[in-house]
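Structural description and commentary
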Amino acid sequence: LALLAGLGSAVLAQEEPADPMAPVLVTGTMELGPYTDYGTETCDAAGVCRIVGQQGSFTYEASDPRLDGEVTFTTNVLSYEQPTGGIYVNLSTRVLGNDDGRWVGTDTGLAAPGVDMEFIVMQGEGAYEGLTAVVREDWSKNPPTFVGAIVPSDKLPDPIEPPAE
């Protein structure tokens, strides 16, 4: 029976790969790497601080190899110190690269007591041209996790205009 099971696995491994343009759900974990620049911080008398130009990296280990790789970022952070803990909002650029291509985009993050989330939209380049990755990261978990989707870029809906006043 073990021999039959082994043969079955070999046959499955030889099947054609799935359509690379088909939408797929992706999950994974992240490992924080070094900060290469802590940025420039300025604070006002009310305890509102801005950090501009913070840079660093981390790695994605994903269920889909297209989202495996090193992520580099440059971020600007706005923080508000509160009696119950800080509230941090960040806007960043992201580049996730691997041997087949890269993903380039932006993220918006929120950190506060009990919350540490990022929401990222990245456009594919190289072998990922024509694809968009939409990802939600949860840095409050150990290890940090993410869930997202890789979808064809031409299928994304257009943004909705806000209603006029």
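Scroll up to find the structure.
Below is a short write-up of the structure. (Residues numbered from 1 in each chain as written. Predicted model: local features only at pLDDT ≥ 70, side-chain atom pairs only at ≥ 80, totals over all residues. Heavy atoms only, no water.)

Strand E8 (residues 131–138) sits mainly inside the fold: six of its eight residues count as buried. Sheet topology places strand E7 (residues 115–126) next to E8; seven bridges connect them, and they run antiparallel. In the strand pairing of E8, Ile120 is matched with Val135. The turn joining E7 and E8, which pair antiparallel and follow one another in sequence, is formed by four residues; a positive phi near 90° is taken by Gly130. Note: E8 against strand E9 (residues 145–152), eight bridges, orientation antiparallel. In the sheet register, Val135 faces E9, and the bridge partner there is Gly148. Following E8, the chain reverses through six residues before pairing antiparallel with E9. (Buried < 20%, exposed > 50% of the residue type's maximum accessible area, 1.4 Å probe, protein only. Helix = DSSP H or I, 4+ residues; strand = E, 2+ residues; numbered from the N terminus. Pairing = 2+ DSSP bridges.)

Scanning all chains against the criterion turns up one disulfide. Here Cys43 connects covalently by a disulfide to Cys49, the sulfurs 2.1 Å from one another. Its S-S torsion of approximately 110° makes the covalent link between Cys43 and Cys49 right-handed. With relative accessibility at 47%, the residue Cys43 sits in the partly exposed group. Its relative accessible area of 9% is what places Cys49 among the buried residues. (Disulfide = S-S within 2.5 Å.)

Note that every value here comes from positions in space, so none of it alone points to a role or purpose.
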